[in-house]
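Coordinate analysis (summary)
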Amino acid sequence: SPQKVGPHMVHQPKPAQKPAEPVRFVVDDAWGGVFKAWNSAVKTLQMHELGKFEVAKYSLGPSVESCIERCVAKWLGESPARAAMFKDVPEDMRAAAQRRQALQILCLPEELCLEPVADPNGTLNMEVELLDVGEYEDLEGDGRALLRVLREGKKGTPVATDLSSVTAHFRIAKLLMNVSLKDTRMGLANTSDGLVMREDKTKEPIEFVVGEEEVGDEGDFVPPCIGRCLMLPKGGVCEGMRYELILRGGVPVSDMEKSINTAYANGMISADAMPDTTGPVVIRVEVEKVVPVVSGPQSPAWRGAASLQAERRHAEQLEGVDEGRHRHKALRRWRRILTWLDHLLEGRRWRVQEDSGGQPASGGGGVAEAVAGSMYDLEWDADEAEEGGVKNDGAGATAGTAEKLLHPVRPPTSGDVDAELLRQLDGEELREWATAHVAVGRLLMSEAAAACTEGDRDTAERHIRSAVRACEIGKIPKEIEVAARMALARHLTETERAAEALEVLKPAKALDPGSTVLKDQVARTLQLDTDQKSGDVKGALRKLKQDLIAGLEADDASSLLTFLQEVDSLPLTWEAASETAIGKEVGKCARHADSGVTDLAKGIVGKLHKLAKQERPLWVR
C-alpha cells in the first residue's frame, strides 16, 4: 500500500526499506553474537506481541564488537595466502574487506556493524515481534552445541551409528538471520514470475550412510556435518526423531556443496585464504528411517558370505569414486571384512583342535581362545541371539554384555594364520579373505608412499603375503591370485628385492601368460634385478681390489689366492670390470712368484679378455 503522508505522520516510524525476515538468536548469549537491544527487548514481550522501542545506538553495532574481533582473530588472521591475496590492496581497504567478511560469517547486518558509530548515544526506533521461544540443552556445558528435541523417536527402533543407513530431511541455516544454506525440502516451482525456489513438503527425504555422506555424485551429496550431528544427541537418534542443533562454531563451508568440497580437498581453494566456516548455524534434522549396520557374525543381520560380498562392493565403490579421495573410508571397509573373518576363524578353531586330537591350536588368545574348544561358534551364537529376540534398547546396543565378552572386537590380523585353520573357510570366504588382504596391503602401500612411513610398508607386506598364502592353500580365482602376486612383487621391487619379486611373479605368469600388464612388470623387475646384481658386483670388486693391493704389498700368497677365488666366483660383466679397473691388480697377480696365484689370475684375465671381445663392434671382432 502507498506510504501515508501528512502532519499526523510526523515523528512516526517509517516502514522498513525491505520486508522484515524473522531472526533467531540465543537470549543472554555469552558469545556476544546478538545485539544487546534485541536481547533486552524480547525479555519484555509475550508470544506474538509486537513491541515498539527506542534504543541507543551503542546497544546495537558496538555491543557485538567483541564477537567480530574474535571472528577476525580466529578465521581471518594473517597467513601467507591472505598476504599474497591482499599484497596490492591499501591497508584501510584491506581492513574494511576483512571486517565485511567477518560480518558475513556472523550474519550480522552491515548497516549496523560495518562503519564505526559516530554518535553512540543517539537513538533509533525499533519494532520487535516475538514469534517463537524454545529451550535448548547445552550438550557439553561450553555453549558450543545446543540441542532442542522437537519430537522423540520411536522406542525400540535402531539407533543411528557410524555406517548406518539413514533416511532424513535436514535444513542448515545461519543462526541470526535464518538464511538457508542447505534444505532438502527446497525445490524449483513454476510460478508467474518463472522458476523459483520454494519449500516442497512432498519432496522425498535423502538416504545416506553415516560417515560416508560426501561420497557420490552431486545429487547424492550430503553435508558430512549432518552425519556428525546424528552422533551428538546423548540418547541416540532413531526413526521418527526431530531435533534442532545450534552450533556456535559453525560447520565447514566445504560441507555445503560437492563442488566446494572437492575444491578444498584438491587444494584449489586454500583454507588460509578463504576461511572454511559458515559461522554460527542452526541445523534441523527429521529422521525418517534408520537401517543398522552389519557389525559382524554376532549381528542378527549377519548373512554369511552375502554380508562379506556387500561390504566388499561398498569398499570397491569407495575406492573408485572421486578420483580415489575416499581411500581411507575404503580401507575401513576392507578392515571390517578382515575383522569378521578373524571372528569366523576363532569360532571354527574347535574343528582344528578336534582333528589334532584335542590339542590346542596355535595362535589366538584371550577370551576367544578360552571358548575356542567349544563347537558353539560365532555363527551359531548369532542365530541364537536372533531367535531369542535380542532387540535394540534405544541406546544403540545390538547385543548383550555376555556376547561382547565372549566375542571381543579385535583388530584384523595381518600376520600368519595357521594353514589348517585357514582351510576352515569355505571357498567364498577364502576369496573374500584374499581380496581384502590384497586391498588393505595396496592401500597401505599408497599411504606409506605418500607419508614415507616404514611401519605401513611392513604391515602392507604382511597383508599381501597373507593373500598369496591363501592362494597357495585354497582355490582362489586366478585374477585375485595374479593381483596379489603383482602387488607383492611391486612392493618387493620398491624395497630392492627384485630377485624375490621374480620368484613371486613366476606362478602369476603361468596363470595369465597373455597379460600385457604382467609382462611389462616382469620385464621391469628383471631389469631392476640385473641392475641390482650389477651394483652388488661392482661393490664387491671395489672391495676386493683394495684387498688385492694390500696382499701384493705384503706379498701374502695365501691371501691373494683367497681374494682371487672370490673374484672368480662373481658373475663378472665388462661394465663392472671396466668401471672398477680391477684388471690391473689381477694382471699383477698373474706375474706373481706363486704358481697357484699365477694360474688363477691368468684364468681371470682370460675371462676379462673374453668379456672385452664381446663388447667390441661386430666389424672389429
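Residues numbered from 1 in each chain as written. Predicted model: local features only at pLDDT ≥ 70, side-chain atom pairs only at ≥ 80, totals over all residues. Heavy atoms only, no water.

Remarks on the pairing of strand β8 (residues 194-199)
- Across 6 bridges, the pairing between strand β7 (residues 186-191) and β8 is antiparallel. Bridge pairing links Thr-191 to Gly-194 in β8.
- Counting the residues between successive antiparallel strands, the hairpin from β7 to β8 contains 2 residues. (Pairing = 2+ DSSP bridges. Helix = DSSP H or I, 4+ residues; strand = E, 2+ residues; numbered from the N terminus.)

Things to note about helix α9 (residues 327-347)
- Spanning 21 residues, α9 covers 30 Å between terminal C-alpha atoms, matching the ideal 30 Å at 1.5 Å per step.
- When you tally the buried positions in α9, you get 17 out of 21 residues, the bulk of the element. (Expected span 1.5 Å × (residues − 1). Buried < 20%, exposed > 50% of the residue type's maximum accessible area, 1.4 Å probe, protein only.)

Remarks on the pattern of salt bridges
- Under the definition given, this model contains 40 salt bridges.
- For the salt bridge of Lys-154 with Glu-239, the shortest nitrogen-to-oxygen distance reads 3.3 Å. Here the residue Lys-154 occupies a position in the loop between β4 (145-151) and β5 (165-174), and Glu-239 occupies one in the loop between α6 (224-230) and β10 (242-247), the gap between them amounting to 85 residues.
- Relative accessible area serves as the criterion here: at 48%, Lys-154 is assigned to the partly exposed category. (Salt bridge = Lys/Arg side-chain N within 4 Å of Asp/Glu carboxyl O.)

Here we look at the side chain of Asp-255
- Positionally, Asp-255 belongs in the loop between β10 and α7 (258-265).
- Beyond its immediate sequence surroundings of up to four residues, Asp-255 is in contact with Phe-221, Pro-223, Pro-224, Cys-225, Arg-228 and Asn-261. (Contact = heavy atoms within 4.5 Å.)

Things to note about the packing of aromatic side chains
- One pass over the full model with this rule turns up 3 aromatic pairs.
- Geometrically, the ring pair formed by Phe-35 and Trp-38 is edge-to-face, given 4.8 Å between the ring centres and 85° between the ring planes. Of the two residues examined, Phe-35 and Trp-38, each falls in the buried class. (Phe/Tyr/Trp six-rings, centres within 6.5 Å; stacked < 30°, edge-to-face > 60°.)

Some details on the pairing of β10
- Most of β10 is tucked away, with 5 of its 6 residues classed as buried.
- In this sheet, β10 lies alongside β4 in antiparallel orientation, the contact comprising 6 bridges. Across the sheet, Val-149 pairs through a bridge with Tyr-243, a residue of β10.
- Pairing of β10 with strand β11 (residues 281-291), which is carried by 6 bridges, proceeds in the antiparallel orientation. Bridging across to β11, Ile-246 finds its partner in Val-282.

Points about the confidence of the model for the chain
- In the predicted model, the chain carries a mean pLDDT of 83, and 84% of its residues have values of at least 70.
- Between residues 360-414, whose pLDDT stays under 50, and residues either more than four places distant or in other chains, the model counts 84 contacts. (pLDDT = per-residue confidence, 0-100.)

Quick notes on the packing of helix α8 (residues 305-320) against α9
- Across the interface, α8 lies against α9 with an axial gap of 8 Å and an inter-helix angle of 160°. Classed by the angle they form, the pair α8 and α9 counts as roughly antiparallel. Crossing handedness for the pair α8 and α9: left-handed. For the pair α8 and α9, the contacting residues are Ser-307, Leu-308, Glu-311, Arg-312, His-314, Ala-315, Glu-316, Leu-318 and Glu-319 in the first and Lys-329, Ala-330, Arg-333, Trp-334, Arg-336, Ile-337, Trp-340 and Leu-341 in the second.
- Split by residue class, the contact of α8 with α9 holds 8 nonpolar, 2 polar and 7 charged. (Axes fitted to C-alpha atoms, helices over the stretch in contact; angles between N-to-C directions. Parallel < 35°, antiparallel > 145°, perpendicular 65-115°, else oblique. Left-handed = near helix turned anticlockwise from the far one by under 90°. Nonpolar A, V, L, I, M, F, W, Y, C, P; charged D, E, K, R; others polar.)

Things to note about the nonpolar core
- Ranked by size, the top nonpolar core spans 51 residues in total, and within it Trp-334, Leu-341, Leu-345, Leu-422, Leu-425, Leu-430 and Trp-433 carry the most contacts.
- Residue assignment for this core shows that the elements contributing at least two residues are α8, α9, α14 (419-422), α15 (427-451), α16 (454-473), α17 (478-494), α18 (498-511) and α19 (516-554).
- Per element, the largest residue contribution to this core is 10 residues, and it comes from α15.
- What Leu-341 contacts, discounting residues up to four positions off in sequence, is Leu-308, Leu-425, Glu-429, Glu-432 and Trp-433. (Core = buried A, V, L, I, M, F, W, Y, C linked by side-chain atoms within 4.5 Å.)

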